[in-house]
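# Fold and contact review
Residue strings, one per chain:
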Amino acid sequence: VSGGNSFYSTAFDLKGYLYYVNKKTQFSWTTTGRLAAGLIKTENVSMRKNLDVIDITSKLNHKAFGKFDFSGQLQFKTQSFPGYNYSTTPAHMTSKFFNPATLIIGYGLDYKPAKNLSINISPLSYKGIYVPDTARIDQTLYGVSKNRKSKNEMGIYTTINSTNTLFNKIKLENKVQLFSNFLHEPQNVDIDWEMTASASLTWYADVKVNT
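Note that the structure is a prediction, hence the values are computed from the model and not measured. Within each chain, residues carry numbers counting from 1 in the order of the written sequence. In view of the model being predicted, local features appear only for residues whose pLDDT reaches at least 70, and side-chain atom pairs are presented and counted only at 80 or more, with totals across whole chains, interfaces and linings using the full set of residues. Calculated side-chain values reflect all of the structure's heavy atoms, with hydrogen atoms and water omitted.

### Focus on the packing of aromatic side chains
Counted only if it meets this: Pairing of aromatic rings covers Phe, Tyr and Trp, the last through its six-membered ring, and needs centres within 6.5 Å; plane angles under 30 degrees mean stacked, over 60 mean edge-to-face, and all others mean tilted. A ring has a charge above it when a Lys NZ or an Arg CZ is no more than 6 Å from the ring centre and no more than 35 degrees off the ring normal.
Under the definition given, this model contains 8 aromatic pairs. When the ring of Tyr-84 is compared with that of Tyr-86, the centres are 6.1 Å apart and the planes differ by 50°; the resulting orientation is tilted. The structure contains a cluster of three or more aromatic residues connected by ring pairs, namely Phe-65, Phe-68 and Tyr-111. Arg-48 extends its terminal NZ or CZ atom over the ring of Tyr-86, reaching a point 3.7 Å from the ring centre.

Shown next as C-alpha cells:
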C-alpha cells in the first residue's frame, strides 16, 4: 500500500581544520574538529535528536622514510545532549555529555601513497571509554563493567582516510577506524566507518549523502 509519514528535521554540521607544517624539520601537525547536532519530528512522535557528535582528532607527523612518517595521534569523541531509550515510559536516559566519552592515543607509522589517501597504523595504542555518571547512565551499554566507570584497553589502532572524485562531479570521502585489543579477544575489532558523498549545486551550496 503506497503511503508514508510526514516528518520534519533539521541539522547543523560544523567542521574545523588546522594545519601546520615545518619543511625544515619535516614536522607537521593536523587537527580536525567536528560539532554536529540534529532533530527530527515525525507523526505521533515527539521531537527527538537524530544526530549528535563531538569529534576532535589531532595528529603529529615527522618524516621517516619514503612515503612513511612517524605519527602520533589522538582522538576524542562524545556528544552534546542527552540520549534516551523511548521504548520505556517514561523515556530512560542512556547517554549525555561525556557519558560515554572515548579517547584513543596511538603511535606508529603514517603511509601516504597518494595525496588523497592516508593509512595510519599504530601498533601501540590506548583506548579508553568513560562513563563517570553511572548513577544515571548504564555503563554496561558501552562495554564498561558494572562496578567500574571506565574501560581501558591496549591494542592496534588503524585509520584509513581517502578522497575520490566520481563522474568528475561527486566527491566521495571515506574515514575508517579499526581498533583491536591484542590482550583480550583480538579477533573482535571495533569498527567506525563514515562515508560522505557530496556534489556542488552552486558556489555556495552542496548536496550531501552521509552514512
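Picking up where we left off.
### Topic: the sheet that holds strand E7 (residues 101-114)
The cut-off we apply is this: Two strands qualify as a pair provided DSSP detects at least 2 bridges between them. Comment: elements are numbered from the N terminus, with helices defined as DSSP H or I runs of at least four residues and strands as E runs of at least two. With axes taken as lines fitted to C-alpha atoms, and helix axes fitted only over the stretch in contact, angles between N-to-C directions fall between 0 and 180 degrees.
Ordered by their spatial adjacency, 10 strands build an open sheet running E1-E2-E3-E4-E7-E8-E9-E10-E11-E12, and the pairing between neighbours is antiparallel. Edge positions in the sheet fall to strand E1 (7-22) and strand E12 (205-210), since each of these pairs with one other strand and no more. On average, adjacent strands in this sheet sit at an angle of 20° to one another, irrespective of strand direction. Inspection of the sheet shows strand E9 (residues 150-166) paired to strand E10 (residues 170-181) by 12 bridges, in the antiparallel sense. Among the inter-strand pairings, Ile-156 is bridged to a residue of E10, identified as Ser-180.

### A closer look at the environment of Lys-15
Stated formally: Between two residues, a contact is recorded if the distance between any of their heavy atoms is within 4.5 Å.
Residue placement: Lys-15 occurs in strand E1. Considered as a pair, Lys-15 and Leu-51 are 36 residues apart in the sequence and their alpha carbons are 14 Å apart. Setting aside residues up to four positions removed in sequence, Lys-15 forms contacts with Gly-33 and Arg-34.

### Topic: the pairing of E10
Here E9 hands over to E10 after 3 residues, with Phe-167 in that stretch at a positive phi of 55°. Relative to strand E11 (residues 189-202), E10 is paired through 11 bridges, and the arrangement is antiparallel. Counterpart to Asn-174 in the pairing with E11 is Met-195.

### Some points on the environment of Lys-146
Its place among the elements puts Lys-146 in the loop between strand E8 (117-130) and E9. It is 32 Å that separates the C-alpha atoms of Lys-146 and Lys-175, two residues lying 29 residues apart in sequence.

### Some points on the pattern of salt bridges
To keep it simple, the criterion reads: Salt bridges, as used here, are contacts in which a Lys or Arg side-chain nitrogen is within 4 Å of a carboxyl oxygen on Asp or Glu. To sort residues, take the accessible area from a 1.4 Å probe on protein chains only and compare it with the maximum for the residue type: under 20% means buried, over 50% means exposed, and anything in between is partly exposed.
Applying the stated criterion across every chain, the model contains 9 salt bridges. Here Arg-34 and Glu-194 are joined by a salt bridge, their closest N and O atoms 3.0 Å apart. Here the residue Arg-34 occupies a position in strand E2 (residues 27-42), and Glu-194 occupies one in strand E11, the gap between them amounting to 160 residues. Accessibility expressed as a relative area gives 13% for Arg-34, which makes it buried. In this structure Glu-194 comes out as partly exposed when scored by relative accessible area, which is 22%. Residues Lys-96 and Asp-133 are paired through a salt bridge, measuring 2.6 Å at the closest nitrogen-oxygen approach. With Lys-96 in the loop between strand E6 (92-95) and E7 and Asp-133 in the loop between E8 and E9, the pair connects residues that are 37 residues apart, well separated along the chain. On the basis of relative accessibility, which here comes to 17%, the residue Asp-133 falls in the buried class. Residues joined in a network through salt bridges with shared partners are Asp-13, Arg-34 and Glu-194.

### Description of the layout of surface pockets
Put simply, the rule is: With a 1 Å grid laid over protein atoms only, a set of points is called a cavity when a 1.4 Å probe fits there but cannot get out and a pocket when it is open yet has protein on both sides within 12 Å along at least five of seven lines; lining residues have an atom within 4 Å of a point. Grid points are joined across faces, edges and corners, and a volume is the space filled by probe spheres set on the points. By the convention adopted, Pro, Cys, Tyr, Trp, Phe, Met, Ile, Leu, Val and Ala count as nonpolar, Lys, Arg, Asp and Glu as charged, and the other residues, Gly among them, as polar.
Estimates place the volume of the largest pocket at around 1,500 Å³. Residue lining of the largest pocket: 41 residues in total, with Tyr-17, Thr-32, Asn-161, Glu-173 and Lys-175 positioned closest to the centre. For the lining of the largest pocket, the element with the highest residue contribution is E1, accounting for 7 residues. Class assignment of the residues belonging to the lining of the largest pocket gives a composition of 11 nonpolar, 18 polar and 12 charged. There is about 240 Å³ of room inside the second largest pocket. Taken together, Asp-52, Val-53, Lys-77, Thr-78, Gln-79, Pro-100, Thr-102, Ile-129 and Tyr-142 make up the full set of residues lining the second largest pocket. Here the residues of the lining of the second largest pocket are counted per class, giving 4 nonpolar, 3 polar and 2 charged.

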